[in-house]
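Read off the chains here:
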Amino acid sequence: METHSELAPTTCPLDCPDACGILVERDTAGRFVRLRGNPAHTWSQGHLCGKTMQYGELIAHEDRLRTPLVRKRSGFEEASWDDALALIVQRLEGIAGPDVLALSYGGSMGLVQRKYPYRVMHALGATFHDGGICDAAATAGFECVLGRCLGPDLETIEESDLVVLWGTDVARTVQHLQPRLKRCQERGVPVVAIDVWRTDTLRDVERRGGRAFVIRGGTDAQLALCLARIAFEAAFADHEYLARECLGAPDFELHVRARFGLEETSAITGLSVADILELAQHLGVAQRPFIKTGVGWTRRRNGAMGMRAVCSLAAVLGHGDRVHFESFAHFGLAEESVFRPDLRPEQYPDRPVKHVQLGRELESGRFHAAFVWCHDPAVTLPDSTRFKRGFAREDLFTVVHEHFMTETAELADVVLPATMFVEHDDVYRSYGHRTMHYARRIVDPPPGPRSNVAFFAELARRLSLPREVWGVTESGLCETLLDASRSRLTPDEAARLRAGEPVKLHDREYVGWGTPSGKIELVSEAARQRGQPALADYVPDDAAGDRGAYWLVGAPSVHTHNSTFSHSARHRKRNGIPCVHVNPDDACELGLSAGARVRLKNERAELILPVTLSPEMPRGSVRVDGLPRARDIESLNGLNALTSPELSDLGDGNVMYSARVDLVPA
């Protein structure tokens, strides 16, 4: 008997700059069949990465949470939603708002499902974190020089006469950029890539005739400032642009001319003098370069300074508007209409804690309740062993709303089943390209799971919070967001969004650069006031006090996305057994052969992993791909047990790439 199906549009919810357009196939009974790419999406153009293509395995997975679980002395027991909610309300009695910790991040990038629970937490007076785990250092460094995070439209990269990939492994993290890079190279456009190991991207670029440069970790600022000096000395600097657009250009020129020489930079970065001059020549002759930076390379003690230096270099060349880091400033949506900070009680001012240091906060005994959604902090936060100890405190009541029994959920007092992205309404916008989407629910969830909106609204009602906190629906919140964003959306754009189309928003009009002076700030008083040099400088990475012999590189996974697909047997099989990648010469020196078990250890923890010999790794650095589950590692620790909870130079960001470890045969 012939069966029929239909397609419905949505957007991938993963924390990824591509935010791909998806078509969901469902049968005539409304059941999920599979995913495919949406050709109408201007960025992803009908193609999905291998990670998202397998999302359907999670939707129907046998281990998916379908019933609330409540911790008893003997372990978790199933409960009804009514009983679980009653327990939560009971346990919150007598707990002051600031003693409740709201723990959310990028498990879903939907603006409504992710951010509506903030409304409930605001109404309670709960404590938030500052979101420093991902791009805080990069954002702070970029904003210090170039103001708002906007940059050029990624879709225009093929109009460039040079592409520079600075610290971005696009083959693993921005995969829809790859065909565009290939077309650039086929037309003879130079593409150069800079990173701290010979990534998939560097090898792809080289195979197509481009240039790859491997530098020592944390030396980006030295390289960028040397290139700026060469630009002044070789007459590549755009003095008219510097005079018109920049603050402090004469001081900056004196600064880089006095230091950052070729021989010194070669010794610090590990690049040859010839390599540095070649890179300077590429940048100097380009009339329309596209400088695409990543995020990971700034997760260091000196990460914001590295970004400041790269942005300053672009300004010297007259291309301050040609640096793409993120595109959040393009959208300007009225997101506060969803999370409503105005509902916060006056006696409980919003004083966020450091996201990176939540382990310290929890272990110290702070907070008496915590709610987790769209987040797996036991896996993704640095110093994860300390976080787990603090989160498991007997006097801390914890609630986790999740799809699966994650490492965080395993520590909770109440675990509640959540809907997946095809099972609820939401609004998405990218932080890479310029397209957004109002995605409607496509299939019904199985019995049991509830959306973030449904759960938190019902909790707010039972807590007797004001009706404007809980008297909402998912579709109503999506409409509220679009209505409140009318000044940003044309009537045609709003109509197309409501019709379910992915819509690329028109450009915003700005005056000035968004810095305190309105100009590109090569000299930054704001940085000086925060204890940083006013001019971008090279400050060696101090490893946050770590003394191990090897830098630890936590690279993006090829097949999984953070911990999202850790419950998919197919993904775990494709990933293979977690291992540590070691340069063959380093391994030989340590007496290690392929497959040998080795301890990665520092003062925080140790991991036991098998060795893979990887000539792609420079000497002195070792690599672990992705965030493998603790249960899949012999020592039962995840990667972030080794990473530091110290803060970046600006932005209070994550410094995971400043971690150092020793290797000892196990």
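Check the entry above for the structure.
**Observations regarding helix α12 (residues 262-269)**
Owing to its 3.6 residues per turn, the α-helix aligns residues three or four sequence positions apart on the same side.
Turning to step 1, where the next piece is worked out: By the burial criterion, the buried members of α12 are Thr265, Ser266, Ile268 and Thr269.
Turning to step 2, where the next piece is worked out: Its buried side turned inward, α12 meets β9 (211-214), α9 (220-233) and α13 (273-285).

**What about helix α21 (residues 474-484)?**
Turning to step 1, where the next piece is worked out: Within α21 the residues assigned to the buried category are Glu474, Leu477, Cys478, Leu481 and Leu482. Buried residues in α21, looked at end-on, bunch into an arc of 140 degrees, giving them a common side.
Turning to step 2, where the next piece is worked out: The inward-facing, buried residues of α21 contact α4 (111-124), α15 (336-339), β16 (426-429), β17 (435-439), α19 (452-462) and α22 (491-498).

**Examining the sheet that holds strand β18 (residues 503-504)**
Turning to step 1, where the next piece is worked out: Ordered by their spatial adjacency, three strands build an open sheet running β16-β17-β18, and the pairing between neighbours is antiparallel. Looking at strand neighbours, the two that pair on one side only are β16 and β18, the edges of this open sheet.
Turning to step 2, where the next piece is worked out: Across four bridges, β16 lies against β17 in antiparallel orientation. Bridge pairing in β17 places Tyr428 opposite His437.

**Here's the deal with the environment of Ile95**
Turning to step 1, where the next piece is worked out: Structurally, Ile95 can be placed in the loop between α3 (81-92) and β6 (100-104).
Turning to step 2, where the next piece is worked out: Every residue in contact with Ile95, bar those within four places of it in the chain, is listed here: Val100, His368 and Ala369.

**What to know about the layout of surface pockets**
Turning to step 1, where the next piece is worked out: Of the pockets and cavities examined, the largest pocket occupies roughly 1,000 Å³.
Turning to step 2, where the next piece is worked out: When residues of the lining of the largest pocket are traced back to their parent elements, those giving at least two are β6, α4 and α5 (136-146).
Turning to step 3, where the next piece is worked out: Each residue belonging to the lining of the largest pocket can be placed in one class, and the counts come to 15 nonpolar, seven polar and eleven charged.
Turning to step 4, where the next piece is worked out: If you add up the space inside the second largest pocket, you get close to 370 Å³.
Turning to step 5, where the next piece is worked out: Taken together, 22 residues line the second largest pocket, and the ones lying closest to its centre are Asn575, Gly576, Pro578, Asp625 and Pro628.

**With respect to the environment of Thr28**
Turning to step 1, where the next piece is worked out: Of note, Thr28 is situated in the loop between β2 (21-27) and β3 (32-37).
Turning to step 2, where the next piece is worked out: With 610 residues separating them in the primary sequence, Thr28 and Gly638 have C-alpha atoms 43 Å apart.

**Examining the pairing of strand β4 (residues 69-72)**
Turning to step 1, where the next piece is worked out: One ladder, built from four bridges, connects β4 with strand β5 (residues 75-78); its direction is antiparallel. Residue pairing across strands places Lys72 opposite Gly75, the latter belonging to β5.
Turning to step 2, where the next piece is worked out: Connecting the antiparallel pair β4 and β5 is a turn made up of two residues.
Turning to step 3, where the next piece is worked out: Two elements, β4 and strand β15 (residues 414-417), share two bridges in a ladder whose sense is antiparallel. Within β15, the position partnered with Val70 by the bridge is Val414.

**What about the sheet that holds strand β8 (residues 191-195)?**
Turning to step 1, where the next piece is worked out: Sheet architecture is open: five strands sit in the order β9-β8-β7-β11-β12, paired in parallel fashion. Both edges of this open sheet fall to β9 and β12 (323-324), since each of them pairs with a single strand only.
Turning to step 2, where the next piece is worked out: Sheet topology places β8 next to β9; four bridges connect them, and they run parallel. Residue Ala193 lies in a different strand from β9, and its bridge partner there is Ala212.

**Concerning the pattern of salt bridges**
Turning to step 1, where the next piece is worked out: In this structure the tally under the stated criterion is 56 salt bridges.
Turning to step 2, where the next piece is worked out: For the salt bridge of Asp169 with Arg172, the shortest nitrogen-to-oxygen distance reads 3.8 Å.
Turning to step 3, where the next piece is worked out: By relative accessible area, which is 6% here, Asp169 ends up buried.
Turning to step 4, where the next piece is worked out: Under the relative-accessibility criterion, Arg172 is labelled buried at 6%.
Turning to step 5, where the next piece is worked out: With its nearest N and O atoms 2.9 Å apart, the salt bridge here joins Asp542 to Arg301. In this pair, Asp542 sits in the loop between α23 (525-529) and β20 (550-555) while Arg301 sits in the loop between β11 (289-293) and α14 (303-316), placing the two residues 241 residues apart along the sequence.

**Digging into empty space enclosed by the protein**
Empty space among the atoms becomes apparent when a probe as large as a water molecule is rolled across them.
Turning to step 1, where the next piece is worked out: Taken as a whole and judged by the stated rule, the model has six cavities of 30 Å³ or more.
Turning to step 2, where the next piece is worked out: The calculated volume of the second largest cavity comes to roughly 80 Å³.
Turning to step 3, where the next piece is worked out: Asp376, Val379, Met405, Thr406, Glu407, Ser563, Ser566, His567, Arg629 and Arg631 are the residues that line the second largest cavity.
Turning to step 4, where the next piece is worked out: Its residues assigned to classes, the lining of the second largest cavity shows two nonpolar, four polar and four charged.

**Describing the side chain of Ser337**
Turning to step 1, where the next piece is worked out: Mapped onto the fold, Ser337 is located in helix α15.
Turning to step 2, where the next piece is worked out: On the basis of relative accessible area, Ser337 is assigned to the buried category, the value being 15%.
Turning to step 3, where the next piece is worked out: Here the side chain of Ser337 touches Ala334 through a polar contact of 2.7 Å, landing on its backbone oxygen.
Turning to step 4, where the next piece is worked out: Setting aside residues no more than four positions away along its own chain, Ser337 makes contact with Arg119, Thr480, Leu481 and Ala484.

**With respect to the environment of Ser327**
Turning to step 1, where the next piece is worked out: By the element assignment, Ser327 lies in the loop between β12 and α15.
Turning to step 2, where the next piece is worked out: Residue class for Ser327 comes out buried when judged on its relative accessible area of 1%.
Turning to step 3, where the next piece is worked out: Separated by 179 residues in the primary sequence, Ser327 and Arg148 have C-alpha atoms spaced 9.1 Å apart.
Turning to step 4, where the next piece is worked out: Sequence-distant contacts of Ser327, that is, excluding residues within four places in its chain, are made with Cys149, Leu150, Ser430, Tyr431, Gly432 and His433.
Turning to step 5, where the next piece is worked out: Only 2.8 Å separates the side chain of Ser327 from the backbone oxygen of His433, close enough to count as a polar contact.

Conventions adopted
Along each chain, the written sequence defines residue order, and numbers are assigned to residues from 1. Only residues with pLDDT of at least 70 get local features here, since the model is predicted, and only at 80 or more are side-chain atom pairs given and counted; chain-wide, interface and lining totals rely on the full set of residues. Working from all heavy atoms in the structure, the side-chain values ignore hydrogens and water. Only protein chains enter the accessibility calculation, which uses a 1.4 Å probe. A residue is then buried if its area is under 20% of the maximum for its type, exposed if over 50%, and partly exposed in between. Numbered from the N terminus, helices here are DSSP runs of H or I no shorter than four residues, and strands are runs of E no shorter than two. Any two residues whose heavy atoms approach within 4.5 Å at even a single point are treated as in contact. Our arc is simply the arc of the directions from the helix axis toward the C-beta atoms. The rule for pairing is simple: two strands pair if DSSP sees at least two bridges between them. In this analysis the probe radius is 1.4 Å and the grid spacing 1 Å, with only protein atoms considered; a cavity is a set of points the probe fits into but cannot get out of, a pocket is an open set with protein on both sides within 12 Å along at least five of seven lines, and lining residues have an atom within 4 Å of a point. Grid points are joined across faces, edges and corners, and a volume is the space filled by probe spheres set on the points. Under the convention adopted here, Pro, Cys and the residues Ala, Val, Leu, Ile, Met, Phe, Trp and Tyr are nonpolar, Asp, Glu, Lys and Arg are charged, and Gly plus all remaining residues are polar. What makes a salt bridge here is a side-chain nitrogen of Lys or Arg within 4 Å of a carboxyl oxygen of Asp or Glu, nothing more. The term polar contact refers here to a pair of N or O atoms within 3.5 Å; inside protein, the definition further demands a hydrogen-donor-capable atom paired with an acceptor-capable atom, and it admits residues adjacent in sequence only when both atoms are side-chain atoms.

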